[in-house]
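Tertiary structure, described
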Amino acid sequence: MDLDKKHVEIEAGVTMGELSDFLKKHKRSFPIGLSGKTGIGYILTGGISPLSRNRGLAIDQIIEIKGFWGNGEEFHLLRPTTQRESYLEWKALCGAAIFLGIITKVKLKTQPLKPLLSWTANLSFSQLSECINQAESWPNSLSFQWIYGEDIFAHAIGEPINTDDESSLINLLERLPYSRNRTINKIQDMNSLPNLSLGNHKNNNSNHSEVLGLLGPAWQKENLKIIKNLRDLIDNRPNKNCYIASQQLGGLTHFNDLDTSFIHRDAIWKPWINGAWEAYDQSKRKRALEWMKECWNNLEFICPGVHLAQIHPHLEWHEKELSSAFKDWLPKLQEIKAI
């Protein structure tokens, strides 16, 4: 930790939960994701946090990157201030580093540690539609997340600036509909947030899974159509551990000056599809992957982008996910990788 500049340097192997705990001792924070178990890959693939709407993505906080290119050559890059020689390399690493080399260290900006507001509740089908509708007009200091499987569990997270702001955020949270188990709490940091999960992870070791993250704009008038699609997909899932969830970004266009390989800066929602099956059962794996493709086909009209937090070179859709993740920037990435 650089106590003067408030920067932190971490090596590969540090989890986001460990980073959050370390920074808390210095009254600082970093926009980690919904899980503290992820590592430096969370940052390098974009890093979507419940705080991203206000603070930007995790890659927007990177100041320096150290590592080795695929050819073995060592590098140490500083955030470019102009489009100088290392500009394209920097842009490529911030969002596509996993394709290009091995990252050993990153230096990151940190923010003051502030208390967070947490709203959680179980929702009905129609309540989820209304919550999404309300969340699309929220200020950047509030974000909405949900998970839809056996049940629908939702989580809103706010970062108030001051006491007045806290009151207005609580007012927005109190307007949200819910069916049961609603709680509004004030918590100290991201590590204290309740998990966004369905609570059926008792036999996790006996299940294998794949995850596909999508990106797209506000749902607006398409809201009800999408929710009905989701209900049909959930009703037909091949395994109770299959689910669809989503995070709210809210459009990060105010960070457009930061050139990275995360090209979907205008995305409002990141739904992700979790396909699961009993370990080593190839027929059930095939069914789960087919269900994931069906989900993707049904959501693609509203979520044309892909967030490559997980990559699938072993699956038939890998070329498609690369194309959807990087669009027109993909040929230049391939050129940089070839070099």
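For the structure, see preceding data.
Note that the coordinates shown come from a computational prediction; the quantities given were computed from them, not determined experimentally.

Definitions and cut-offs
- Residues numbered from 1 in each chain as written.
- Predicted model: local features only at pLDDT ≥ 70, side-chain atom pairs only at ≥ 80, totals over all residues.
- Heavy atoms only, no water.
- Helix = DSSP H or I, 4+ residues; strand = E, 2+ residues; numbered from the N terminus.
- Rg over C-alpha atoms; globule rule 2.2 N^0.38 Å.
- Contact = heavy atoms within 4.5 Å.
- Areas by Shrake-Rupley, 256 points an atom, 1.4 Å probe, with all protein chains shown as cover.
- Lys, Arg positive; Asp, Glu negative; His and termini not counted.
- Charge placed at Lys NZ, Arg CZ, Asp CG, Glu CD.
- Phe/Tyr/Trp six-rings, centres within 6.5 Å; stacked < 30°, edge-to-face > 60°.
- Buried < 20%, exposed > 50% of the residue type's maximum accessible area, 1.4 Å probe, protein only.
- Lys NZ or Arg CZ within 6 Å of the ring centre and 35° of its normal.
- Polar contact = N/O pair within 3.5 Å; in protein donor to acceptor, adjacent residues only side chain to side chain.

Here we come to the overall build of the protein chain. Of regular secondary structure, the protein chain possesses ten helices and 14 strands. For 339 residues, the compact-globule formula gives about 20 Å, and the C-alpha radius of gyration of the protein chain, at 20 Å, lands near that figure. On the principal axes, the C-alpha backbone points of the protein chain span a range of 55 × 55 × 40 Å. Nonlocal contacts in the protein chain, meaning residues at least 24 apart in sequence, comprise 72% of its contacts between residues at least 6 apart. Approximately 15,600 Å² of the protein chain is accessible, and the part contributed by carbon and sulfur atoms is 47%. Side-chain charges in the protein chain split into 39 positive and 39 negative, and the spacing between the mean points of these groups amounts to 3 Å.

What follows deals with the packing of aromatic side chains. Counted according to the given criterion, the structure contains seven aromatic pairs. With centroids separated by 4.4 Å and ring planes inclined at 35 degrees, the aromatic side chains of W69 and F75 adopt a geometry described as tilted. Classification of F75 by relative accessible area gives buried; the value is 7%. Each ring, one from W296 and one from W317, has its centre 6.0 Å from the other, and the planes form 90 degrees; the classification is edge-to-face. With W296 in helix α8 (residues 282-299) and W317 in the loop between β14 (305-307) and α9 (318-326), this pair connects stretches of sequence that are 21 residues apart. Both residues of the pair, W296 and W317, count as buried. A cation over an aromatic ring shows up here: R231 above the ring of F125, its NZ or CZ 3.8 Å from the ring centre. When the ring centre of W296 is taken as origin, the NZ or CZ atom of K320, which lies over that ring, is 4.1 Å away.

What follows is about the side chain of H155. By secondary structure assignment, the location of H155 is in strand β9 (residues 152-158). We classify H155 as buried; its relative accessible area is 1%. A polar side-chain atom of H155 sits 3.0 Å from a polar atom in the side chain of S118.

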